[in-house]
Amino acid sequence: MPERYAEVIVDVAAAEIDRVFHYRIPPNLQHVQVGSLVLVPFGRRRIPGFVVGFTDRTDVPPERLRELIAELDDQPVLAPDAIPLCHWMVERYLCRFVQALRVML
């Protein structure tokens, strides 16, 4: 079975990083869902991020991917159907993806 990676939008409103980052999902976090708020390593920091999807493919070599650190809430903080609405908001209002996610909160 191919490995599954979390697609995460980090909670930083900067144009340079307004994109999806892939993270490996450790065994203790296999239950994370779309809409989950997670803690991820980002550079030398640990920051929150939103799981916006899952994939079994990535352009980054798997050995270079970092793992999710923790889930910050017991339940997803966003409904899964909010993610397509966020995509629409980004295109319609030219905002950053994380800004659209924050509005959904």
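Look up a bit, the structure's there.
In this report, we go over the structure that sits alongside the text. Starting from 1, residues in each chain are numbered consecutively following that chain's sequence as written. Residue-level local features of this predicted model are given only where pLDDT is at least 70; pairs of side-chain atoms are given and counted only at 80 or more, and the full residue set underlies all totals for whole chains, interfaces and linings. Side-chain figures throughout are based on the complete set of non-hydrogen atoms in the structure, without hydrogens or water.

To pair, rings of Phe, Tyr and Trp, with the six-membered ring standing in for Trp, must have centres within 6.5 Å; the planes then decide the type, stacked if under 30 degrees apart, edge-to-face if over 60, and tilted in the middle. Following the criterion strictly, the structure yields two aromatic pairs and no others. Ring centres of Trp88 and Tyr93 lie 5.6 Å apart, and the angle between their planes is 90 degrees; this geometry places the pair in the edge-to-face category. Under the scheme applied here, a residue whose accessible area is under 20% of the maximum for its type counts as buried, over 50% as exposed, and between as partly exposed, the area being computed with a 1.4 Å probe on protein chains only. The exposure class of Trp88 is partly exposed, given its relative accessible area of 44%. Under the relative-accessibility criterion, Tyr93 is labelled exposed at 52%. Put simply, a charge is over a ring when the Lys NZ or the Arg CZ is close to the ring centre, within 6 Å, and near the line of the ring normal, within 35 degrees. The side chain of Arg4 reaches across the aromatic face of Phe54, ending 4.0 Å from its centre.

What follows is about the pairing of strand β3 (residues 37-42). Across the six residues that make up β3, a large majority, six, are buried. Under the DSSP-based scheme used, a helix requires at least four consecutive residues in state H or I and a strand at least two consecutive residues in state E, with every element numbered from the N terminus. Across the two faces of β3 the burial is the same, with Leu37, Leu39 and Pro41 and Val38, Val40 and Phe42 all buried. Strand pairing requires that DSSP identify at least two bridges connecting the strands. Pairing geometry for β3 and strand β4 (residues 45-55), over six bridges, is antiparallel. If you follow Val38 over to β4, its bridge partner there is Gly49. The antiparallel pairing of β3 with β4 creates a hairpin that spans two residues between the two strands, and Gly43 there sits at a positive phi of about 65 degrees. Relative to strand β5 (residues 70-71), β3 runs antiparallel, the two being bridged by two bridges. Looking at the pairing, Val38 lines up with Glu71 of β5.

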